[in-house]
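Take a look at the letters that make up each chain.
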Amino acid sequence: MTIDEFRSLGGLWISSAAAGLQEYGGEFSVMDGKAALDFFSREMEECGPKRSFTDFYYFGLDEEARRMADSVLTEADREYLRTMKEAWSNPDELIFPLDSRLLSIAVRLNETEMLFSTFYFIKDREATAWWGNYAMQYVCFRRAHP
């Protein structure tokens, strides 16, 4: 999904952490990989699959960076991503619906600082963006729905 499509659903797109902090403030949370996976899994369950997303830049990585990212993934993860790439037809699509496998992969890549992803949840009263993860810190930006 493109950024414009994501915004049309009510998603909170932040172009940079600095812009997010300036416009929305931010709440910092320290979470290792397990804590992040548990927390974002609960958020994903609460919001459902049509309202839980991540920006995922893996397919735009150069070969060297992709090899480095792959080094922290399992073979099953790499196969999942190969299948996902086959279905990925538009390089402008940076936002992907979350499922448990993609969440697990993105959290692992965040935790190892191989590739950073942001997690987005669209709730009835607010949209959140969880910018991850530098030194196990996630910053959460919130915007109330009108």
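All of these numbers come straight from a predicted model, not from anything done at the bench.

Novice: What's the story with the packing of aromatic side chains in this structure? I'm lost.
Specialist: Aromatic ring pairs: the centre-centre distance and the angle between the two ring planes describe each pair. Applying the stated criterion across every chain, the model contains 15 aromatic pairs. With a centroid separation of 6.0 Å and an interplanar angle of 25°, the aromatic rings of Trp13 and Tyr120 are classed as stacked. Taken together, the residues span a long stretch of sequence, with Trp13 in the loop between helix 1 (3-8) and helix 2 (17-24) and Tyr120 in strand 4 (residues 118-122) at a distance of 107 residues. Considered together, Trp13 and Tyr120 belong to a single accessibility category, that of buried residues. Summarising the aromatic geometry, the rings of Phe56 and Phe59 are spaced 6.0 Å apart at their centres and angled 80° between planes, so their arrangement reads as edge-to-face. Judged by its relative accessible area of 6%, Phe59 is buried. In textbook terms, an aromatic cluster arises when at least three aromatic residues are bridged by ring pairs, as seen for Phe39, Phe40, Phe119, Phe121, Trp130 and Tyr138.

Novice: Teacher, can you tell me more about the pattern of salt bridges here?
Specialist: Oppositely charged side chains may form a pair once their charged atoms are brought near each other. Across all of its chains, the model carries 13 salt bridges by this definition. Its salt-bridge partner being Glu27, residue Arg142 comes within 2.8 Å of it at the nearest N-O pair. Here the residue Arg142 occupies a position in strand 6 (residues 137-144), and Glu27 occupies one in strand 1 (residues 27-30), the gap between them amounting to 115 residues. A relative accessible area of 29% places Arg142 in the partly exposed class. Between Lys123 and Glu43 there is a salt bridge, with the nearest N and O atoms lying 2.8 Å from each other. In this pair, Lys123 is assigned in the loop between strand 4 and strand 5 (126-134) and Glu43 in helix 3 (residues 33-47), connecting sequence segments 80 residues apart. The exposure class of Lys123 is buried, given its relative accessible area of 15%.

The rules behind these values
Every residue gets a number counted from 1 within its own chain, in the order that chain's sequence is written. Residues qualify for local features only when their pLDDT is at least 70, as the model is predicted, and side-chain atom pairs are given and counted only at 80 or more; totals for whole chains, interfaces and linings, by contrast, use all residues. Excluding hydrogens and water, the side-chain figures rest on all heavy atoms present in the structure. Two rings belonging to Phe, Tyr or Trp (six-membered ring only in the last case) form a pair when the distance between their centres is within 6.5 Å. Interplanar angles under 30 degrees mark stacking, angles over 60 mark edge-to-face geometry, and anything in between is tilted. To qualify as a helix, a DSSP run of H or I must reach at least 4 residues; to qualify as a strand, a run of E must reach at least 2; elements of each kind are numbered from the N terminus. The buried label applies to any residue whose accessible area, calculated with a 1.4 Å probe on protein chains only, is under 20% of its type's maximum; exposed applies above 50%, and partly exposed to all values in between. Salt-bridge detection follows one rule: a side-chain nitrogen of Lys or Arg within 4 Å of a carboxyl oxygen of Asp or Glu.

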